[in-house]
Amino acid sequence: PKPARRYFLRATAQQLPPEMSVDPDFMPSYNPWQQRMCMCPDGDFFASLRSGKSSIKTGVIDKVTETSIRLRSGEELHPDIIVTATGLKLRMAGGIEISIDGEAFDISRHYAWNSALIEGLPNAVFALGYVDASWTLGADATAQLAMRLVKRMKRDGAAAIVPRISAQEKDRLRDRPFLALSSTYVERGKNALPRAGNVAPWQPRSYYWKDLATAKWGNIQRGLEWVHGGRVTPGED
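Now for a look at the structure at hand. Sequence order sets the numbering: in each chain, residues are counted from 1 along the sequence as written. Under the rules for a predicted model, residues below a pLDDT of 70 receive no local features and side-chain atom pairs below 80 are neither given nor counted, while totals for whole chains, interfaces and linings still include all residues. Side-chain figures throughout are based on the complete set of non-hydrogen atoms in the structure, without hydrogens or water.

Here we come to the overall build of the protein chain. Helix numbers and strand numbers start at the N terminus; a helix is a DSSP run of H or I with at least 4 residues, a strand a run of E with at least 2. From N to C terminus, the protein chain includes six helices and 10 strands. The globule rule is 2.2 Å times the number of residues to the power 0.38, and the radius of gyration it is compared with is taken over C-alpha atoms. Taken over C-alpha atoms, the radius of gyration comes to 23 Å for the protein chain, far larger than the 18 Å a tight globule of 237 residues would show. Projecting the C-alpha coordinates of the protein chain onto the three principal axes gives extents of approximately 75 × 40 × 30 Å. In the protein chain, which comprises 237 residues, the proportion classed as buried is 35%. Note on definitions: a residue-residue contact is assigned when non-hydrogen atoms from the two residues lie within 4.5 Å. Within the protein chain, counting contacts between residues at least 6 apart in sequence, those at least 24 apart form 59% of the total. Areas reported as accessible are Shrake-Rupley estimates using a 1.4 Å probe. Residue values count occlusion only from the protein chains shown. When the accessible surface of the protein chain is summed, it comes to about 15700 Å², and 52% of that surface belongs to carbon and sulfur atoms. Each residue is placed in one exposure class: buried if its accessible area under a 1.4 Å probe, protein chains only, is under 20% of its type's maximum, exposed if it is over 50%, and partly exposed if it falls in between.

Turning our attention to the pattern of salt bridges. Between side chains of opposite charge, a pair can form as their charged atoms come close. The working definition used for a salt bridge is a side-chain nitrogen of Lys or Arg within 4 Å of a carboxyl oxygen of Asp or Glu. Under the counting rule described, the total for this entry stands at eight salt bridges. For Glu-225, the salt bridge is made with Arg-164, and the minimal N-O distance between the two is 3.5 Å. Of the two residues, Glu-225 sits in strand β9 (residues 224-228) while Arg-164 sits in the loop between β8 (160-163) and α4 (167-172), which places them 61 residues apart along the sequence. Overall, the relative accessible area of 42% leaves Arg-164 in the partly exposed class. Taking the shortest distance from any N to any O, the salt bridge between Arg-205 and Asp-211 comes out at 3.5 Å.

What follows is about the nonpolar core. The set of buried Ala, Val, Leu, Ile, Met, Phe, Trp, Tyr and Cys residues whose side-chain atoms join them within 4.5 Å is what this entry labels a nonpolar core. Of all hydrophobic cores here, the largest spans 18 residues; its most connected members are Ile-107, Ile-118, Leu-121, Phe-126 and Phe-178. If we skip the residues at most four places from it in the chain, Phe-126 touches Met-92, Ala-93, Ile-107, Ser-115, Ala-116, Ile-118, Leu-121 and Thr-142. Listed in part, the 16 residues of the second largest apolar core include Leu-149, Leu-173, Trp-202 and Ala-215.

It is worth spelling out a nonpolar patch on the surface at this point. A contiguous nonpolar surface patch, about 280 Å² in accessible area, is contributed by Ile-61, Val-64 and Ile-82. With respect to the helices and strands, Ile-61 occurs in strand β1 (residues 61-64). Two distance rules govern patches: like charges are joined within 9 Å, and nonpolar side chains (Val, Leu, Ile, Met, Phe, Trp, Tyr) within 5 Å, applied only to residues with over 30% relative accessible area and no salt bridge.

With that out of the way, let us pick up the packing of aromatic side chains. Note on aromatic pairs: the rings of Phe, Tyr and Trp (six-membered ring only in Trp) are paired at centre separations within 6.5 Å, and the planes decide the class, stacked below 30 degrees, edge-to-face beyond 60, tilted for the rest. Tallying each qualifying case throughout the model produces three aromatic pairs. Put simply, a charge is over a ring when the Lys NZ or the Arg CZ is close to the ring centre, within 6 Å, and near the line of the ring normal, within 35 degrees. In this structure, Arg-152 is placed above the aromatic ring of Trp-226, and the distance from its NZ or CZ to the ring centre is 5.5 Å. One cation-aromatic arrangement involves Arg-205 over Tyr-130; the distance from NZ or CZ to the ring centre is 5.5 Å.

All right, on to the pairing of β9 then. β9 sits mainly inside the fold: five of its five residues count as buried. Both faces of β9 are covered, namely the face carrying Leu-224, Trp-226 and His-228 and the face carrying Glu-225 and Val-227. At least two bridges found by DSSP between two strands is the condition for calling them paired. Here β8 pairs with β9 via four bridges, running antiparallel. Looking at the pairing, Pro-163 lines up with Leu-224 of β9.

For the rest of this paragraph, the subject is the side chain of Glu-169. Take Glu-169: it is sitting in helix α4. Of the side chains bearing the opposite charge, Arg-222 lies closest to the buried Glu-169, which forms no salt bridge; the N-O distance is 4.2 Å. Ignoring sequence-local partners within four residues, the contact set of Glu-169 consists of Trp-202 and Arg-222. Positive charges come from Lys and Arg alone, negative charges from Asp and Glu alone, with His and the N- and C-terminal ends not counted.

As a further point, take the sheet that holds strand β3 (residues 76-77). Pairing between the strands of a sheet is mediated by backbone hydrogen bonds and can be parallel or antiparallel. Across the sheet, three strands lie side by side as β1-β2-β3; this open sheet has antiparallel pairing. Sheet topology places β1 and β3 at the edges, where each strand pairs with a single neighbour. Pairing of β1 with strand β2 (residues 69-71) involves three bridges; the strand directions are antiparallel. Considered in β2, the bridge of Val-64 is made with Ile-69.

Bringing the packing of helix α3 (residues 135-156) against helix α6 (residues 208-217) into the picture now. Two quantities define a packed helix pair, namely the angle between the axes and the distance from one axis to the other. Put simply, α3 and α6 touch, their axes get as near as 8 Å, and they point 10° apart. Between α3 and α6, the interaxial angle falls into the category roughly parallel. Contacts from Leu-137, Asp-140, Ala-141, Gln-144, Leu-145 and Arg-148 in α3 reach Tyr-208, Asp-211, Leu-212, Thr-214, Ala-215, Lys-216 and Trp-217 in α6. Each residue gets one of three labels, nonpolar for Ala, Val, Leu, Ile, Met, Phe, Trp, Tyr, Cys and Pro, charged for Asp, Glu, Lys and Arg, and polar for the others, Gly among them. The class makeup of the residues in the contact of α3 with α6 is seven nonpolar, two polar and four charged. Each axis is a line fitted through C-alpha atoms, and for a helix only the stretch in contact is used; angles between axes span 0 to 180 degrees, taken between their N-to-C directions. The labels follow the angle: roughly parallel below 35 degrees, roughly antiparallel above 145, roughly perpendicular from 65 to 115, and oblique for the rest.

The next thing to look at is the environment of Gly-229. Within the secondary structure, Gly-229 sits in the loop between β9 and β10 (231-233). For Gly-229, a relative accessible area of 53% puts it in the exposed group. Separated by 129 residues in sequence, Gly-229 and Ile-100 place their C-alpha atoms 18 Å apart.

Structure (structure tokens):
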């Protein structure tokens, strides 16, 4: 990330008008892919700045008044039109209400098993991708894992699989961010996401080849409770 940051800043400086500095308006507080990046392949934003037809101001909005946008720095901007480009709200499972035996199930209070199943929730796989690479690759790794579980259930005659964490294991777990982004909408949306820990199989998504290897050959007994009819086979600790 640090070499990539230096590269992007050099490339940006070359596109700016001679009188405009990279700092502060093009000096983000995060490295590439800690937050989502805005790509400008044809350089049209920079061409507009060089022509003098536009200007840029980077800051944190304190308040939108009837006539201006007030920044935390105290500066006020007076635009004719405001285009909102943020405001994303995270939602798991499309916002459906989940319950087990009549009791409401809150996903945000439970850990994710290999970023695919939720602790305490039987027979439910969530296809989640990457936020710092192709989303589809992560969803593909999840699909591979899901098919392996289904085949194993059919082979062994299992009626259900349920991720479980022992009390001792939960005491040892240390929480990690479920999504590797520091974007505001991710910070605000933590209550919509499952929890992630610092040890397998409760760790957050890693990278495609590792996740694919886990899906194809990883341990699918650890952390899983296998229910065969009325008989329960506990997973490995």
